[in-house]
Amino acid sequence: MTHHISRRARVLGAGIAAGVLIPIVAAATPAAAATTPAVSCTSSKAALATKLQKDITAALANRTGTVSVGLYDRSTNTTCSLRATSSYDSASAVKVTVLATLLWDAKKHNRYLTDTEASLAKAMITKSDNNATSKLWKQLGLTKIKGFLSAAGMTKTVPGANGYWGLTQINVTDEQKLLKLITASNAVLSDNSRAYILKLMSQVISSQRWGTPYGAPSGVSVHVKNGWLQRSTHGWRVHSLGTFNGGGHDYMITVLTWGNSTMNYGISTIQGVAKVIHRDLAAS
């Protein structure tokens, strides 16, 4: 009899011990999750902010690598951000800044672009031509590039040294500032300059139109510039900048990533985020 009681007590004891352990493990999970920054969204439409926050979070739930996201929609005063101040090697995403600097400087000197500058600009944006970019970067020089960054309020963008424009340090906050300047009248870029940048971004060759445009509704105009670069540490950097207009919305998306095993993995991550943003805005 004693033998049975003690055995039952042992089983109960094991159950109590397990019962104590389970809540401790459960309690630790939210604390651990809190170290991962959360997507934050605000909007004049509260339900839209909630939906975007949930859907962007879900899109990134099973993706490896580090991802930063910025969304701004003028029409609904919606902003979403994730790791907005984290710095990334720019790769070719910096080419929009190079073109903006060129136009900003030309405006200051009250002149049009030369035919050579225009052809270099077109190759740089539409085909992501690196030689064209290097020529314009060298022609402008760091003083003018820094001058534009200052005028644009892009205070955390650091131009790459020694001609390495692809190692310029960029973040979501500054790229979103740039996209805002390109898409509405302001004192930094003339309306002609803005139209010129948007025109070239709408003419990017089909093989480079991946990323933020993914899932954009038909009838929405799309302007894009992407960047991709593999380095010996943190794998592939894959970035996409996009501005979108139509369907009652006027919005811009920046997604910056690194730690991707392949370029295509990074593209898939970006497109997972873009898809839900376009869908949620279209439905709002």
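See the structure above.
First things first, this report covers the structure right here in the doc. Remember, predicted model here, so these are calculated numbers, not experimental data. Throughout, residues of each chain are indexed from 1 in the direction in which the sequence is written. In keeping with the predicted nature of the model, local features appear solely for residues at pLDDT of at least 70, side-chain atom pairs appear and are counted solely at 80 or more, and the whole-chain, interface and lining totals rest on all residues. Side-chain numbers here rest on the full set of heavy atoms in the structure, without hydrogens or water.

## Here we look at unusual backbone geometry
Thought 1: Its identity as a non-glycine residue notwithstanding, asparagine 77 has a phi of 45°, on the positive side.
Thought 2: Each helix is a run of DSSP H or I of at least 4 residues and each strand a run of E of at least 2, with the numbering of both proceeding from the N terminus. For asparagine 77, the location among the structural elements is in the loop between strand 2 (66–73) and strand 3 (78–82).
Thought 3: With relative accessibility at 47%, the residue asparagine 77 sits in the partly exposed group.
Thought 4: Positive phi values are uncommon outside glycine, yet histidine 234 reaches one of about 60°.
Thought 5: Structurally, histidine 234 is set in the loop between strand 6 (221–230) and strand 7 (236–246). Any residue under 20% of the maximum accessible area for its type is buried, any over 50% is exposed, and the rest in between are partly exposed; the area is computed with a 1.4 Å probe on protein chains only.

## Some details on the packing of aromatic side chains
Thought 1: Each aromatic pair joins two rings of Phe, Tyr and Trp (for Trp, the six-membered one) with centres within 6.5 Å, and gets the label stacked for planes under 30 degrees apart, edge-to-face for over 60, and tilted for any other angle. Tallied over the full model, the rule gives 4 aromatic pairs.
Thought 2: Ring centres of tryptophan 104 and phenylalanine 148 lie 6.0 Å apart, and the angle between their planes is 65°; on these two criteria the pair is classed as edge-to-face. Of this pair, tryptophan 104 sits in helix 3 (residues 95–108) while phenylalanine 148 sits in helix 5 (residues 130–151), and the two are 44 residues apart along the sequence. Residue tryptophan 104 shares its accessibility class with phenylalanine 148, and that shared class is buried.
Thought 3: Ring geometry for tryptophan 210 versus tryptophan 228: centroids 5.7 Å apart, planes at 65°, classification edge-to-face.

## Things to note about the packing of helix 3 against helix 6 (residues 172–183)
Thought 1: Put simply, helix 3 and helix 6 touch, their axes get as near as 11 Å, and they point 45° apart. The angle between the axes of helix 3 and helix 6 places the two elements in the oblique class. Note that helix 3 runs across helix 6; the crossing there is left-handed. For the pair helix 3 and helix 6, contact is made by Val96, Thr97 and Ala100 and by Glu175, Leu178 and Ile182, respectively.
Thought 2: Each residue belonging to the contact of helix 3 with helix 6 can be placed in one class, and the counts come to 4 nonpolar, 1 polar and 1 charged. Comment: axis = line fitted to C-alpha atoms, over the contacting stretch for helices; angle = value between 0 and 180 degrees taken between N-to-C directions. If an angle is under 35 degrees, it is roughly parallel; if it is over 145, roughly antiparallel; if it lies from 65 to 115, roughly perpendicular; otherwise it is oblique. Note on convention: the crossing is left-handed when the near helix lies turned anticlockwise from the far helix by less than a right angle, right-handed when the turn is clockwise. Contacts between residues were defined by any pair of non-hydrogen atoms, one from each residue, lying within 4.5 Å. Classification used: nonpolar for Ala, Val, Leu, Ile, Met, Phe, Trp, Tyr, Cys and Pro, charged for Asp, Glu, Lys and Arg, polar for all others including Gly.

## Observations regarding the environment of leucine 60
Thought 1: Topologically, leucine 60 is positioned in helix 2 (residues 46–60).
Thought 2: Assessed through its relative accessible area of 14%, leucine 60 is described here as buried.
Thought 3: Through-space distance from the C-alpha of leucine 60 to that of isoleucine 270 is 9.0 Å; in sequence the pair is 210 residues apart.
Thought 4: For leucine 60, the contacting residues outside a window of four places in its chain are Val67, Val69, Leu82, Thr269 and Val273.

That is the geometry; function is a separate question.
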